[in-house]
Amino acid sequence: MAGSGPTILIQGAGVAGLVTAVTLAERGARVTLHESGPRIGSGASWFAGGMLAPWCEAEAAPEEVTRDSLNSLAWWASHVPDVIRNGSLVVAPPRDQVELNRFGRRTSHFETLGSEAIAELEPDLAGRFDRALFFAEEGHVDPRIALGRLKERLLILGGHIRLDTSVVDGQFDWVVDCTGIQARESEPDLRGVRGEMILVRCPDVVLHRPVRMLHPRIPIYIVPREHGVFMVGATMVESDDGREITVRAMSELLNALYTLHPAFAEAEIIEANAGIRPSYPDNVPRVHRDGHRLSVNGMYRHGFLLSPARAAEVADIIFTQAA
Amino acid sequence: MRAYGIDLSSPLMLGTALYDSPAILADSVRRGRPGAVTVSLRRESAGLQAGQAFWELVRGFDVPVLPNTAGCHTVREAVTTAQMAREVFETDWIKLEVIGQGDLLQPDVFALVEAARILNEEGFKVFPYMTEDLVVAERLLRAGCEVLMPWGAPIGSGRGLNNLFGLRALRAHFPEVPMVIDAGIGRPSHAVTAFELGFDAILINTAVAKAGDPAAMAEAFRLACDVGQLAKTADPMDERDMAVPSTPTLGKASFAS
């Protein structure tokens, strides 16, 4: 490997691990990435929405989440050409209009649209909603494509990736643990929040941006992917049970989809999955340091949004130390 | 309030669902100082280990835990969930909820009475979530319940006390039974009214969890409980149809309007 920067082992090739690996490699570190699963993104990242939505997240997340994610969209756009910057749209079924008011009170950087403006942005939603909130400055990306791009980038930068391995062999200046919920044994504060999602294929409906469908209990979002595919997520259950998606979850997700547009009734369900989000008590991701061991964990719902900021923190620690 | 021989330190019961994070829930418990916290098992019922981390956190509040059967629609589901709750939380308290109607989350009072009978026989101390119906109250007491939990309004609706007449009648018919207003309370003013009507406690969740500042709202509810209870002991005046001057009218020119 070229360069003479510090040698770093990163454990876990989910979004936190890959973003950290690329960030460190770009600053001259010699990076080795170990993943215990059979592919990159073997954990929660694979099932993420990939919404780069700092303003929408402010509805339920503390202010620091928004603050630390303001540069996130720029980071992703500069690393992944597939990032789409079309903003995001928030709607509510007629009976849950108060939820839209509440969402508006808790967030900023949006404009309120009437039915005509909604139809202009998303012709397929014409006549379906009288009111929506439009967050123009947000974006989204397909997590699976994004992780693949980071992998390519890391290899170009001279990094090494080993799958199916959790042993630490060899000497490294630093070890960074990005293993998510698998680190629970060593991190008593970490808990799992189960999330369930589905992918459907529906050539009859075209959306250009993620749509959040407000609901008093769980916020459901529908994110357009390539080739007529839509991702619908995600439940939030205080549990680290990794069993398959439940009937309850699937009906809630499908109901939201159908409420958004009845044409989804004919959509083909191509995937249904459940993942466990690693979460700290305040649901905010953190970097911890213990000597030359660092950890980036507790990504909760914010893996894609906050990994760039947390990776920068890791890089600052390592390179301040090395200087 | 005293229920099943145990005095609660506060008449505020606080639900633990819907908070944006466990840290915010913990702050709300700290500032609301509830006499009990309720926790749901149903959604995490895949296995006894599954919700461990969250339940551990709830146990850590050092506040009596009232597990509930939220989300159950049949007698069997409710009974099984109660049995599981006894194992997880090592308590025989159970807030019994059997939902009969999806839109209003209205209790199925028939299944409720049946489930209450079974659970009381099994030694549970049952807190039944009910409508304000007198006959249902009578049946629940006959089934062995020593506490009643009438709704104020549908769960999560925040509409306050929908049927003041019905709640007054219920209170008047069973003056000795501890009663908790469960569901529908949206604002501290609703809570004050509940105590003024003579109810012994309130159970809230959404009103705190979905407030902009949940911890502050928890404290507001704690103060509202104090206000309502104090007002009740002070024997509030009755309403009248006509004005009554607060200054003496004697000596004025005329009594005529």
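Residues numbered from 1 in each chain as written. Chains lettered and ligands numbered in written order. Predicted model: local features only at pLDDT ≥ 70, side-chain atom pairs only at ≥ 80, totals over all residues. Heavy atoms only, no water.

## Description of the packing of aromatic side chains
As a reminder, the rule being used: Put simply, two rings from Phe, Tyr or Trp (the six-membered ring, in Trp's case) pair if the centres are within 6.5 Å, and we call them stacked under 30 degrees between planes, edge-to-face over 60, tilted for the rest. Helix and strand definitions here come from DSSP, where helices need a minimum of 4 consecutive H or I residues and strands a minimum of 2 consecutive E residues; each element is numbered from the N-terminal end. Think of it in three bands: with a 1.4 Å probe and only protein chains considered, a residue is buried below 20% of the maximum accessible area for its type, exposed above 50%, and partly exposed in between. Our definition puts a charge over a ring when NZ of Lys or CZ of Arg is within 6 Å of the ring centre and also within 35 degrees of the ring normal.
By the definition in use, this model includes eight aromatic pairs over all chains. Centroid distance B:Trp55 to B:Phe89: 6.0 Å. Interplanar angle 65°. Geometry classified as edge-to-face. With B:Trp55 in helix α2 (residues 52–59) and B:Phe89 in helix α3 (residues 75–89), the pair connects residues that are 34 residues apart, well separated along the chain. Classification of B:Phe89 by relative accessible area gives buried; the value is 8%. A cation over a ring is seen here: A:Arg39 above A:Trp46, with NZ or CZ 4.1 Å from the ring centre. Geometry around B:Phe199 places B:Arg171 over its ring, the cationic atom sitting 5.8 Å from the centre.

## Focus: the sheet that holds strand β12 (residues 220–224) of chain A
Hydrogen bonds along the backbone pair up the strands of a sheet, which may run parallel or antiparallel. All names here are of chain A. Put simply, the rule reads: For two strands to pair, DSSP has to find at least two bridges joining them. Only the contacting stretch of a helix is used when fitting its axis, a line to C-alpha atoms as for every element, and angles between N-to-C directions run 0 to 180 degrees.
The strand order across the open sheet built from eight strands is β5-β6-β4-β11-β12-β13-β10-β14, with neighbouring strands paired in mixed fashion. Looking at which strands have only one partner, the edges of the open sheet turn out to be β5 (111–114) and β14 (268–279). Neighbouring strand axes in the sheet, compared pairwise and without regard to direction, differ in orientation by 25° on average. Sheet topology note: the strand β4 (residues 88–91)/strand β6 (residues 131–135) ladder contains three bridges and is antiparallel.

## Quick notes on the confidence of the model for chain B
Residues shown with low pLDDT carry predicted positions that ought not to be read at fine detail. Residue and element names in this part refer to chain B. Threshold: Think of pLDDT as the predictor's per-residue confidence, scored from 0 to 100.
In this model, chain B carries an average pLDDT of 90, and 93% of its residues clear a pLDDT of 70 or more. Looking at the elements of chain B, mean pLDDT is at its lowest for α2, recorded as 82, and at its highest for strand β10 (residues 149–150), recorded as 97. With pTM at 0.85, the complex prediction returns an ipTM value of 0.78.

## Quick word on helix α7 (residues 143–156) of chain A
Residues and elements named next belong to chain A. Operational definition: To estimate how far a helix should extend, the number of its residues minus one is multiplied by 1.5 Å. Think of a polar contact as two N or O atoms within 3.5 Å of one another; within protein, one of them needs to be a possible hydrogen donor and the other a possible acceptor, and neighboring residues in sequence only count if both atoms come from side chains.
Here α7 is 14 residues long and its end C-alpha atoms lie 20 Å apart, about the 20 Å a rise of 1.5 Å per residue gives. Turning to α7, its buried residues number three or more, namely Pro-143, Ala-146, Leu-147, Gly-148, Leu-150 and Leu-154. You can read the cap of α7 off the contacts: a side-chain oxygen lies 3.0 Å from the backbone nitrogen of Arg-144, and it is on Asp-142.

## Some thoughts on the pattern of salt bridges
Short version of the rule: Whenever Lys or Arg places a side-chain nitrogen within 4 Å of a carboxyl oxygen from Asp or Glu, that contact is recorded as a salt bridge.
Applying the stated criterion across every chain, the model contains 32 salt bridges over all chains. A:Asp82 is the partner of A:Arg149 in a salt bridge, and the nearest nitrogen-oxygen pair spans 2.7 Å. With A:Arg149 in helix α7 and A:Asp82 in the loop between α4 (72–79) and β4, this pair connects stretches of sequence that are 67 residues apart. Here B:Lys95 makes a salt bridge to B:Asp182, at a shortest N to O gap of 3.0 Å.

## Focus on unusual backbone geometry
Following A:Gly233, the chain continues to A:Ala234 via a peptide bond in cis, the omega torsion being -15°. Position of A:Ala234 among the secondary structure elements: in the loop between β13 (229–233) and α8 (247–260). Positive phi is not limited to glycine here, since B:Leu105 has a value of about 45°. With respect to the secondary-structure elements, B:Leu105 resides in the loop between β7 (99–101) and β8 (106–107). Even without being a glycine, B:Asp235 presents a positive backbone phi close to 55°. Given the relative accessible area of 63%, B:Asp235 is considered exposed.

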